[in-house]
Amino acid sequence: MRDELKKKADESYRVAEYRALQYYRALHRQVQEESFVPVLTEDFHSWSKEHIRRRSMFSFLLPKKSKPNSKDYHQYIQWLNYTGKLERYLNRSISYIYLRDLGRALDEPKTQERVQQAVSDLKKHLIEATSERDKEIFSMAGLYKWAENQGVEDTLIWLMDKLKDVSAHIPEGMDAEQAQRKLIKIVAGVVMHVLEEEIPQAERTRKLEEAIRLGYSYGLTYPFIDDVQDANILSPKEQAQFSELIRMSLLTQSVPKLEHYEWSDQNRKLMQYIHTELGEAFEFIKTKQKPDMREKFFEQSYVFFQSQEVDRLKELSNPSYTNEELFVPIILKSACSRLIVRSVINADEDEGFNNRTFYYGIYNQLADDFTDMFDDLAAGAVTPYTYYLKYHNQRADLINPFALYWTVIFNLIHHVYQNDPNVREVILDRAINGLKRAKERLGAEKYNEVMGIFATGNPAFNDMIQQLADKADDVDFFDKLLRDHMLSMMREERKEREAFSEMIKSLRAEINMFLPIQTSGANIGELVVEASNYSLEQEGKRLRPIITWVMATESYRLEKSAIIPLLKSLEYMHTASLIYDDLPSQDNASIRRGSLTLHHVYNTAVAEITALFLTQKAIEEQTFLNEFDAETVLKLVRYSAKSVKDMCQGQIMDLESKGKSLSVEQLNAMCFYKTGIAFEVSLLMPAILARAEEAELEALKKFARHAGIAFQIKDDLLDVEGSLESLGKPARQDETNDSSTFVSVLGKGEAKKEMWRHYCRAMEALQNIPRNTAFLKHLMNYILNRDN
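Residues numbered from 1 in each chain as written. Predicted model: local features only at pLDDT ≥ 70, side-chain atom pairs only at ≥ 80, totals over all residues. Heavy atoms only, no water.

**Quick look at the overall build of the chain**
Within the chain, the regular secondary structure consists of 35 helices and two strands. Seen through its principal axes, the chain has C-alpha atoms that stretch 100 × 80 × 55 Å. Taken over 788 residues, the chain has a buried fraction of 54%. Taking the contacts inside the chain whose residues are at least 6 apart along the sequence as the reference set, 75% of them involve residues at least 24 apart. Of the roughly 36,300 Å² of accessible surface on the chain, 51% is carried by carbon and sulfur atoms. Taken as two groups, the 102 positive and 120 negative side-chain charges of the chain have centres that lie 2 Å from each other. (Helix = DSSP H or I, 4+ residues; strand = E, 2+ residues; numbered from the N terminus. Buried < 20%, exposed > 50% of the residue type's maximum accessible area, 1.4 Å probe, protein only. Contact = heavy atoms within 4.5 Å. Areas by Shrake-Rupley, 256 points an atom, 1.4 Å probe, with all protein chains shown as cover. Lys, Arg positive; Asp, Glu negative; His and termini not counted. Charge placed at Lys NZ, Arg CZ, Asp CG, Glu CD.)

**Quick word on the side chain of E680**
Its location among the elements puts E680 in helix α29 (residues 664–689). At 5.1 Å, K701 is the nearest oppositely charged side chain to E680, a buried residue that forms no salt bridge. In terms of polar contacts, E680 uses its side chain to reach the side chain of Y639, at 2.8 Å. Aside from chain neighbours lying at most four places away, what touches E680 is Y639, F672, K701 and A704. (Salt bridge = Lys/Arg side-chain N within 4 Å of Asp/Glu carboxyl O. Polar contact = N/O pair within 3.5 Å; in protein donor to acceptor, adjacent residues only side chain to side chain.)

**Remarks on the packing of helix α6 (residues 140–150) against helix α34 (residues 748–765)**
Two numbers describe how α6 lies on α34: the axes approach to 9 Å, and their chain directions differ by 130 degrees. In terms of axis orientation, α6 runs oblique to α34. For the pair α6 and α34, the sense of crossing is left-handed. Between α6 and α34, the residues in contact are M140, A141, Y144, K145 and E148 and K753, W756, R757, Y759, C760, M763 and E764, respectively. (Axes fitted to C-alpha atoms, helices over the stretch in contact; angles between N-to-C directions. Parallel < 35°, antiparallel > 145°, perpendicular 65-115°, else oblique. Left-handed = near helix turned anticlockwise from the far one by under 90°.)

**Description of the state of the cysteines**
Evaluated as defined, the whole model comprises zero disulfides. Summary of cysteine pairing: C760 is not part of a disulfide, and the nearest cysteine sulfur, belonging to C671, is at 18 Å. (Disulfide = S-S within 2.5 Å.)

**Digging into the nonpolar core**
One finds F242, W406, I409, L435 and F703 to be the most contacted residues of the largest nonpolar core, which totals 241 residues. Looking at which element gives the most residues to this core, the answer is α29, with 13 residues. The residues contacting F242, other than those within four sequence positions of it, are F224, I225, V228, Q229, L234, W263, M271, I274 and L278. (Core = buried A, V, L, I, M, F, W, Y, C linked by side-chain atoms within 4.5 Å.)

**Re the confidence of the model for the chain**
Should pLDDT be low for a region, the predicted coordinates there are not to be read in detail. Of the residues in the chain, 94% have a pLDDT of 70 or more, and the chain-wide mean is 88. Note on residues 57–64: pLDDT under 50 across the span, and one contact to partners over four residues away in sequence or across chains. Every residue in residues 131–135 scores below 50 in pLDDT, and together they form 12 contacts with partners more than four places removed in sequence or on other chains. (pLDDT = per-residue confidence, 0-100.)

**Focus on a negative patch on the surface**
The grouping of D107, E108, D348, D350 and E351 at the surface amounts to a negative patch. Relative to the assigned elements, E108 resides in the loop between α4 (86–100) and α5 (109–131). (Patch = residues over 30% accessible without salt bridge, like charges linked within 9 Å, V, L, I, M, F, W, Y side chains within 5 Å.)

**Some details on the packing of aromatic side chains**
Counted according to the given criterion, the structure contains 37 aromatic pairs. Between F36 and F461 the ring centres are 5.6 Å apart and the planes differ by 85 degrees, which places this aromatic pair in the edge-to-face class. A residue pair is termed long-range when its members are at least 10 positions apart, and F36 in helix α2 (residues 36–51) and F461 in helix α21 (residues 459–471) qualify at 425 residues. Since its relative accessible area comes to 1%, F36 is described here as buried. Overall, F461 belongs to the buried group, its relative accessible area being 1%. One Lys or Arg, R544, reaches over the ring of F679 and ends 5.9 Å from the middle of that ring. (Phe/Tyr/Trp six-rings, centres within 6.5 Å; stacked < 30°, edge-to-face > 60°. Lys NZ or Arg CZ within 6 Å of the ring centre and 35° of its normal.)

**Re the pattern of salt bridges**
By the definition in use, this model includes 59 salt bridges. Here K162 ties to E277 by a salt bridge, and the two come within 3.1 Å at their closest N and O atoms. In this pair, K162 sits in helix α7 (residues 153–169) while E277 sits in helix α12 (residues 265–287), placing the two residues 115 residues apart along the sequence. Of the two residues examined, K162 and E277, each falls in the buried class. The salt bridge partner of E210 is R206, with a shortest N-O separation of 3.1 Å. In this pair, E210 and R206 both sit in helix α9 (residues 201–219), four residues apart, roughly one turn of the helix.

**Structural notes on unusual backbone geometry**
In this model, N232 sits at a positive phi of 60 degrees, which is unusual for a non-glycine residue. Looking at the element boundaries, N232 is found in the loop between α10 (221–230) and α11 (236–252). Despite not being glycine, R557 shows a phi value in the positive range, around 55 degrees. Mapped onto the elements of the fold, R557 is located in the loop between α24 (543–555) and α25 (560–582).

**Focus: the packing of helix α17 (residues 384–391) against helix α18 (residues 401–416)**
Relative placement of two packed helices is described by the angle separating their axes and the distance separating the axes. The interhelical angle for the contact between α17 and α18, taken along N-to-C directions, is 145 degrees, at an axis separation of 9 Å. Contact with α17, carried on its side by P384, Y385 and Y388, involves P401, F402 and Y405 of α18 and no other residues of that element. When grouped by side-chain class, the residues that make up the contact of α17 with α18 number six nonpolar, no polar and no charged. (Nonpolar A, V, L, I, M, F, W, Y, C, P; charged D, E, K, R; others polar.)

See the structure below:
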């Protein structure tokens, strides 16, 4: 049976390979005849009229704004809008996406209409975004709002959880940001196919939910098959085993058990995770496909996998590969990678799409391989460029891949897309943009050296290309800007997250040092101090004093020494509230912060007295804010007293809610008083000491309200999802106590959506805080992603 399946799959591969071989031979013939040269020369002659600027002798009199570096995303968009170039820039960018990702012909009226609508919508968004501080085109809040509008919030939350999980499992030796970006790109590509369909909203919602999950399921193959195999993480034996596992999955349409293979101790856990994720993805795709489309999917997937394997197993040290062996596999894999998307989503057969995608793929692949040439060379990977670099002086028969690249461009413009001027504009823009970016990346000297090696056999054509690369303007693309910006943001955010975590860890350690209460030396009262210190010494998050510390010192430039009494006051008050919360009369908890609760170590009476003592100790600490004027300190004390009253009200609401079903409005109110007030206090107390304006205090209150409720909902979710080890207290305490929580009232799914709504509102509130809000952004991300 296995041999029969392999024979059938190999036959499919041979059919596809033959088609690719015919395409390659046609391109080869055109390279030899240089038939592309006169036609592209004429194309570029017309093209240059729009892209080579000839300055008027009076142009120096006109006002101008210098072109910013495209790496500065926001400034670059503003400059394009200022100079009137934004619409044209977006038009070629959106058109390119319709060519590459959707396989469309640009001369179709419906496509032109869709491109113009997309350009209009994106231009409007970008202009609005650049006028609002810190607004991003792919911010989590913005993405969630889109999901709400489309009715796919549950699926987006699922995807975000999956992406977080994948990122956590990317091993060292792989680029985690690149892996995540590629996965997101695949999901977006699949979703675009659904967004292009004209269907009722209910049907669109259902298909979008499927598309997001299907996109993730298909996209997993990039980080967890291609990248894992290419990153030298697995031993040669393990690589062979993994390839065999994937091959058998595609042949039998069933994933083999992992126990059939042997893995090193170093890689066993990773492979168990990958096997589970890929297995679930594999089964999900199967369940969503019609029988005839399922066969097409597995056939295309096998061709894609086999062409990848043929390429992967090449060795740069082998001087004997033929041109066919170098180019045919990349024609296959570059075409199949996008053809598979259509079979994944059960799209109807479209011969025009299939043909355009088949011929278009190698264009992108050759451009990507040119960009990655020196990285591939360092890794010993065989691509047409790395092989030509190594052997062009020894092998006169080798085809110059750069010449083939121009031949592909000629073939696409004049044969595949029938000389469509829009296609010619987009593809020539893209080609020259690639050269300009290469020169910027490599430096002029290295670039000229590379061009000397890859120059075609026609000096006049080479000179023209290089002159255009030097002088041409308006050839950049939004997808490249977005990709660079996205990668830059991901890497910067990773660094900031790491810095945030280190800062939290460092501040927590420092706060722990000054929290213990000193004894007076007298025997009276020693027990209450001992009990207080027992509670204070347990490993808490210290989130509230940390927030105050950072806001005070970073945002308001207050001296650390001046606010230490305030930090102690906050943690004493918070610890007192936990002692009360754990009492038998309230939640009756036995474990807190990984240790026995205070009333279990001593008794209920000592716990009650200790909590009262800590409450008064917190107020006493506020009177030691000696470096601030008395009026300001009194204002802070009054605010502190009112906040304690509000938190007590929240706890009473919580106790009275046991066994009752609350409305969302009641839950929000209760959680604000229980948790939101604590966040508000942490933010407002340093602002009060710094005499911040009332408008700023109101913006901080709004942020704190939504951040606090989001924090409490996350607590509710962790109570049903966490463990004693991760939480430091028993899980499912709320269920045991018959407490009304977002989870018990709404269920996990709706509770997560409510948490995300508060996250979005908190992020919106940051827009009105007239200070650097990076810390508060990371705080919100911490709240959503924490495990305890």
